[in-house]
There are 2 protein chains.
Amino acid sequence: MVDIEPPHGRPDVRPAVMADVARLAGVSHTTVSRVINGHPAVRDHTRERVLKAMESLAYRPNVAARALVTGRTRLLGVISMDTAFYGPVSVLTAVERSARDAGYAVSIVHLPDLTARALGEAADFLTGQAVAGIVAIIPHIATMNALTHVPDVPIVAVEGCSGTIPTAAVDQYLGARQAVEHLLALGHETVAHIAGPADWYEAPERERGWRDALEAAARPVPPVERGDWTAKSGYAATGRLLARPGLTALFAGNDLMALGALLALHEAGVPVPGEVSVVGFDDAPESAYFTPPLTTVRQDFAEIGRQGLALLLEQLEGRAPGHRHVSTVPTLTVRASTAPPGAAAREGRRA
Amino acid sequence: MVDIEPPHGRPDVRPAVMADVARLAGVSHTTVSRVINGHPAVRDHTRERVLKAMESLAYRPNVAARALVTGRTRLLGVISMDTAFYGPVSVLTAVERSARDAGYAVSIVHLPDLTARALGEAADFLTGQAVAGIVAIIPHIATMNALTHVPDVPIVAVEGCSGTIPTAAVDQYLGARQAVEHLLALGHETVAHIAGPADWYEAPERERGWRDALEAAARPVPPVERGDWTAKSGYAATGRLLARPGLTALFAGNDLMALGALLALHEAGVPVPGEVSVVGFDDAPESAYFTPPLTTVRQDFAEIGRQGLALLLEQLEGRAPGHRHVSTVPTLTVRASTAPPGAAAREGRRA
DNA sequence: ACATTAAGAGCACTCTTTATC
DNA sequence: TGATAAAGAGTGCTCTTAATG
């Protein structure tokens, strides 16, 4: 037996390969491969010897070799945006978790900006990595539309929209209606709305829900103020809203803009919910600790992340996707930022 | 010329391989390889023919084949936690961006819990993917220590700590001192502290900074209240703080706990900053829109993300890392939540 | 003839070695 | 001889085909 060793012998740390396992187990590399892939034509006794050999050599299959020969990887791509917003972040986490549970690794790319070019580059990068599929977490309409052109890789959208791509999302319209109906049920004559940017998927949907709820109750529909999802924009929009007469109820497009609204109202000496009620959208964890705690619409981001991944796996495994657009129902969480109109006056112990 | 085609001829979409390029360009596969890898021994004329062929075939090198033969991948692993906290999320984004700029893909794994086992599995998963290196974004001490045992892959920690692993982080101690010194300079006799969980890297550092600042000014050091970074815990801790006499200044371990504190103070009828001043830590984007806008310590998460990646690349490329622990200086951002003690009484127009 | 196992041909590249102008 | 190009072995695995008991 001739063992050629490196002359000044730190132990050879080259990772074990299949041939090493085969040699140690006294079988051919083919048999080792079969054991790894669960092929039935292996005697139990043999399988155990192989398993033991793999164990003792700490053998790990080489993913590159495997990918090369099979032409497939266990790698999924995720395209997300460059924001720390609660929603996309939660979705990403859920997608990654589900993917790994299904035995896939996740390669992530953040878009530097919301252009078709950036999206194209991201998709290119991922296909260059030979990803088996792509999950897009991009609730931006124009950017998302560019995704239609990505070739040869199954794609799903989460928290986004696209006529042609399978999608998992929360029913924004329904959430908005719930928010507005809650306010109307409290007795408010109408509800003002700070909408998100019109080119984001959620914004027009929420706006439509707001409008429909108002019209269904035959209430006046005030003009929309528009923000960009940030607290800053919510603050500014509320300033404009305050210049109008008769504001008693405000539906903000998301929790962050609601936060800005709360500050603007506070600075203007307007008690919430005493004189103005505020509702948000998202139910980020901190929204329960705003001053006052925010009534808001809860979206289950983790759930749509999981659903999106399931949709992708359906495509990857060739199962016919039953329904290509999955939608989740949001729930209204009532907290301290909403009350009947004029509550301040009636209570008489505020301001 | 015999072209064997699939019988009912949708065009063959098999991606082009190097041999196809070589054939089209009329050179050998070796030459194509050289062009791809920037080898000098290729005539300009030849190089151009090859480039043109690659272009017209939309050729993309096969990463698996490449990884197989070179034994290296352009893949980096990131281990993060399962939270939507602003800090880790921002770091992750910056790391990914920097990695991609350096030509690396990023595979991410979120820890389901903060145990050594979960960490081990995550690291295992990543080494199984043959990552070239790992970035750990885990500011949890015990978990992080388990990382020392990961074999054979260069590792760096960002926003974490470890005696043995190269680290990029913000100087927490300094930030805490700045916060407390700001409060003392305003005239507060002492400063209460809501610390983060003791097993997280940042918490003891901030606590130490707080204590040292107080002691350096010969002030009494009140007992610490402890939270878990959430707004909820900040709210609860502030409740306990309010039971003590003489609270005028509060240094919360992070912005979220400060948010909870703000709510607790508001509900207790304590004006901020009129009767109590509050300082946070992190400077998340929304903190500027708390009620009132929060004075806080700004950490440049993106910067430490970039630095962490740079540290990793140094290891990967064999450059001797000059300094293995990189530290960034945070800056105090003063907003409306801090004022001299007794400001409410002096101003006389509040509550 | 059947359940197991082995042999060997790729897979798409890189890189060393050899040939050519 | 030196610049440029080609040949060919090797990378670790899967899978089809052939051999074995």
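Within any chain, residue numbers begin from 1 and follow the written order of that chain's sequence. Chains carry letters and ligands carry numbers; both start at the beginning, A for chains and 1 for ligands, and go up in the order they are written. In view of the model being predicted, local features appear only for residues whose pLDDT reaches at least 70, and side-chain atom pairs are presented and counted only at 80 or more, with totals across whole chains, interfaces and linings using the full set of residues. Side-chain calculation: all heavy atoms of the structure are included, whereas hydrogens and water are not.

Draft legend 1. Representation of the overall build of chain A in the model. Put simply, DSSP marks the helices as runs of H or I at least four residues long and the strands as runs of E at least two long, and each gets a number from the N terminus on. The number of helices and strands found in chain A is 13 helices and 12 strands. When we talk radius of gyration, it's over C-alpha atoms, and the globule rule is simply 2.2 Å times the number of residues to the 0.38. For 351 residues, the compact-globule estimate of 2.2 N^0.38 gives 20 Å, and the C-alpha radius of gyration of chain A, at 28 Å, exceeds that figure by more than 25%. Its C-alpha atoms put chain A at 95 × 40 × 35 Å along the principal axes. Burial analysis of chain A (351 residues in total) assigns 53% to the buried set. For this analysis, residues touch if any pair of their heavy atoms sits within 4.5 Å. Long-range contacts, defined as pairs at least 24 residues apart, comprise 71% of the intrachain contacts of chain A with a sequence gap of at least 6. Surface exposure of chain A reaches about 15400 Å², of which carbon and sulfur atoms provide 55%. Burial status follows relative accessibility: with a 1.4 Å probe on protein chains alone, a residue under 20% of its type maximum counts as buried, one over 50% as exposed, and anything between as partly exposed. Per-residue accessibility takes into account occlusion by the displayed protein chains alone, with areas from the Shrake-Rupley method and a 1.4 Å probe.

Draft legend 2. Structural view of helix α11 (residues 255-267) of chain A. Residue and element names in this part refer to chain A. To estimate how far a helix should extend, the number of its residues minus one is multiplied by 1.5 Å. With 13 residues, α11 should reach 18 Å at 1.5 Å per residue; the first-to-last C-alpha distance of 18 Å fits that figure. The buried count for α11 comes to 11 of 13 residues, which makes it a mostly enclosed element. Among the residues making up α11, those that are buried are Asp255, Leu256, Met257, Ala258, Leu259, Gly260, Ala261, Leu262, Leu263, Ala264 and Leu265. Where α11 is buried, its residues touch β6 (192-195), α10 (231-242), β8 (249-252), β9 (277-282) and β10 (295-298). Where α11 terminates, the next one or two residues include Gly269, which has phi positive at roughly 75°.

Draft legend 3. Region of the structure containing the sheet that holds strand β12 (residues 331-333) of chain A. Residue and element names in this part refer to chain A. Only strands that DSSP links by at least two bridges are regarded as paired with each other. Reading across the sheet, the six strands line up as β7-β6-β8-β9-β10-β12 and stay open at both edges, with mixed pairing between neighbours. Because the sheet does not close on itself, it has two edges, and the strands there are β7 (225-226) and β12. Lines fitted to the C-alpha atoms define the axes, with helices restricted to the stretch that makes contact. Angles between their N-to-C directions range from 0 to 180 degrees. Lying over the sheet, helix α9 (residues 202-216) contacts β6, β7, β8 and β9, oriented at roughly 170° with respect to β6. On the sheet, α11 packs against β6, β8, β9 and β10 and is oriented at approximately 160° with respect to β9.

Draft legend 4. Highlighting the protein's contact with DNA strand D. The nearness test applies per residue and asks whether one of its heavy atoms lies within 4 Å of the molecule or strand. Around DNA strand D lies a shell of 29 residues, among which Met18(A), Tyr59(A), His29(B), Arg34(B) and Thr46(B) are the nearest. Sugar and phosphate atoms constitute 61% of the interface atoms of DNA strand D, taking the interface as everything within 4 Å of the protein. Here a polar contact is recorded for every N or O atom pair within 3.5 Å, except that within protein the pair must consist of a potential hydrogen donor and a potential acceptor, and residues adjacent in sequence are included only if both atoms are side-chain atoms. Here a phosphate oxygen of DNA strand D and a backbone polar atom of Ser28(B) are 2.8 Å apart. Residue assignment for the surface near DNA strand D shows that the elements contributing at least two residues are α2 (29-37) and α4 (63-70) of chain A together with α2 (29-36) and α4 (63-70) of chain B. The residue inventory of the surface near DNA strand D, partitioned by class, reads 12 nonpolar, 11 polar and six charged. Amino acids are sorted into nonpolar (Ala, Val, Leu, Ile, Met, Phe, Trp, Tyr, Cys and Pro), charged (Asp, Glu, Lys and Arg) and polar (every other residue, Gly among them).

Draft legend 5. Just the protein's contact with DNA strand C, in detail. Taken together, 28 residues surround DNA strand C, and among them Ser28(A), His29(A), Arg34(A), Arg43(A) and Thr46(A) come closest. Within 4 Å of the protein, atoms of DNA strand C come from sugar and phosphate in 59% of cases. Here a base oxygen of DNA strand C and a side-chain polar atom of Arg34(A) are 3.2 Å apart. For DNA strand C, a phosphate oxygen lies 2.9 Å from a polar atom in the side chain of Tyr59(B). At the level of secondary structure, the elements contributing two or more residues to the surface near DNA strand C comprise α2 and α4 of chain A together with α2 and α4 of chain B. Taken together, the residues of the surface near DNA strand C sort by class into 11 nonpolar, 11 polar and six charged.

Draft legend 6. Main features of the relation of the copies chain B and chain A. Note on the copies: chain B fits chain A at an RMSD of 0.1 Å, the axial shift is 0.0 Å, and the rotation between them is 180°. Within this description, the copies of the chain are treated as partners about a two-fold rotation axis. Both copies present the same face, since 100% of the interface residues in chain B are matched by interface residues at the equivalent positions in chain A. Here the copies were fitted onto each other by least squares, based on C-alpha atoms from residues at pLDDT of at least 70 in both.

Draft legend 7. Structural view of the UniProt feature "domain: HTH lacI-type" (unreviewed entry) in chain A. UniProt positions are given in the numbering used here, feature names are shortened, and annotations may be inferred rather than shown by experiment. The UniProt entry lists residues 16-70 of chain A under the feature "domain: HTH lacI-type" (unreviewed entry), expressed in the numbering used here. Secondary structure over residues 16-70 of chain A splits into 71% helix and 0% strand, and the C-alpha atoms at its two ends are 21 Å apart.

Draft legend 8. Highlighting the packing of helix α8 (residues 172-185) of chain A against α9(A). All names here are of chain A. Close contact between α8 and α9 brings their axes to 7 Å; oriented N to C, the two are set at 40°. Here α9 runs oblique to α8, going by the angle between their axes. The hand of the α8/α9 crossing is right-handed. Here Gln172, Tyr173, Ala176, Arg177, Val180, Glu181 and Leu184 of α8 lie close against α9, whose contacting residues are Glu202, Glu205, Arg206, Arg208, Gly209, Trp210, Asp212, Ala213, Leu214 and Ala216. Here the residues of the contact of α8 with α9 are counted per class, giving eight nonpolar, two polar and seven charged. By the definition adopted for this analysis, an angle is roughly parallel if under 35 degrees, roughly antiparallel if over 145, roughly perpendicular if from 65 to 115, and oblique otherwise. Handedness of a helix crossing follows the sense of rotation of the near helix relative to the far helix, less than a right angle counterclockwise being left-handed and clockwise being right-handed.

Draft legend 9. Expanded view of the pairing of strand β4 (residues 155-158) of chain A. All names here are of chain A. Of the two faces of β4, both are covered, the one formed by Ile155 and Ala157 as well as the one formed by Val156 and Val158. As defined by bridge partners, strand β3 (residues 133-136) adjoins β4 across three bridges and the pair is classed as parallel. Counted as the bridge partner of Val135 is Val156 from β4. Seen with the strands pointing away from the viewer, any crossover whose path from the first strand over the helix to the second strand runs clockwise is right-handed. Remark: the β3/helix α7 (residues 141-146)/β4 crossover connection has right-handed handedness.

Draft legend 10. Inspection of the domain arrangement of chain A at higher detail. Throughout, the edges of the domains are those of an automatic or database domain assignment. According to the domain assignment, chain A consists of domain 1 (18-61), domain 2 (73-170 + 301-328) and domain 3 (172-299 + 332-347). Placing the centre of domain 1 of chain A and that of domain 3 of chain A at their C-alpha centroids yields a distance of 63 Å.

Draft legend 11. Just the interface of chain B and chain A, in detail. The interface of chain B with chain A comprises 47 residues on the first partner and 47 residues on the second. Around 4200 Å² of area is buried between chain B and chain A when both sides are counted, 64% of it from carbon and sulfur atoms. A quick way to say it: buried area is the sum, across both parts, of accessible area lost when two parts are put together, with a 1.4 Å probe. When the buried area of chain B at its contact with chain A is split by residue, Arg100(B), Tyr289(B) and Thr291(B) rank highest and sum to 17% of it. Salt bridges are defined by distance alone: a side-chain nitrogen of Lys or Arg within 4 Å of a carboxyl oxygen of Asp or Glu. Across the chain B-chain A interface, the total number found is four salt bridges. As a salt-bridge pair, Arg97(B) and Asp82(A) come within 2.6 Å of each other at their nearest N and O atoms. Elements with a minimum of two residues in the side of chain B that touches chain A: α4, α5 (86-101), β2 (105-111), α6 (116-128), α10 (231-242) and α11 (255-267) of chain B. Class assignment for the residues of the side of chain B that touches chain A results in 28 nonpolar, 11 polar and eight charged.

Draft legend 12. The arrangement of the packing of α10(A) against α11(A) in detail. All names here are of chain A. Packing of α10 against α11 leaves a shortest axis separation of 6 Å and a crossing angle of 45°. Judged on the interaxial angle alone, α11 and α10 are oblique. In the crossing of α10 with α11, the sense of the turn from one axis to the other is right-handed. Counted together, Ala231, Ser233, Gly234, Tyr235, Thr238 and Leu242 of α10 and Leu256, Met257, Leu259, Gly260, Ala261, Leu263, Ala264, Leu265 and Glu267 of α11 form the full contact between these two elements.

Draft legend 13. Representation of the pairing of strand β4 (residues 155-158) of chain B. Sheet analysis places β4(B) next to strand β5 (residues 167-170) of chain B, joined by two bridges and oriented parallel. Bridging from a neighbouring strand, Ala157(B) pairs with Thr167(B) of β5(B).

Draft legend 14. Examining the packing of aromatic side chains more closely. Residues and elements named next belong to chain A. Aromatic contacts are taken between Phe, Tyr and Trp rings whose centres are within 6.5 Å, Trp giving its six-membered ring; a plane angle under 30 degrees counts as stacked, one over 60 as edge-to-face, and the others as tilted. Within the structure shown, the criterion is met by eight aromatic pairs over all chains. Geometrically, the ring pair formed by Trp200 and Trp229 is edge-to-face, given 6.1 Å between the ring centres and 75° between the ring planes. Here Trp200, found in the loop between β6 and α9, pairs with Trp229, found in the loop between β7 and α10; they are 29 residues apart in sequence, far enough to count as distant. Residue class for Trp200 comes out buried when judged on its relative accessible area of 11%. Distance and angle both matter: a charge sits over a ring if NZ of Lys or CZ of Arg is within 6 Å of the ring centre and within 35 degrees of the ring normal. Here the guanidinium or amino end of Arg206 rests over the ring plane of Phe281, the centre of that ring lying 3.8 Å away.

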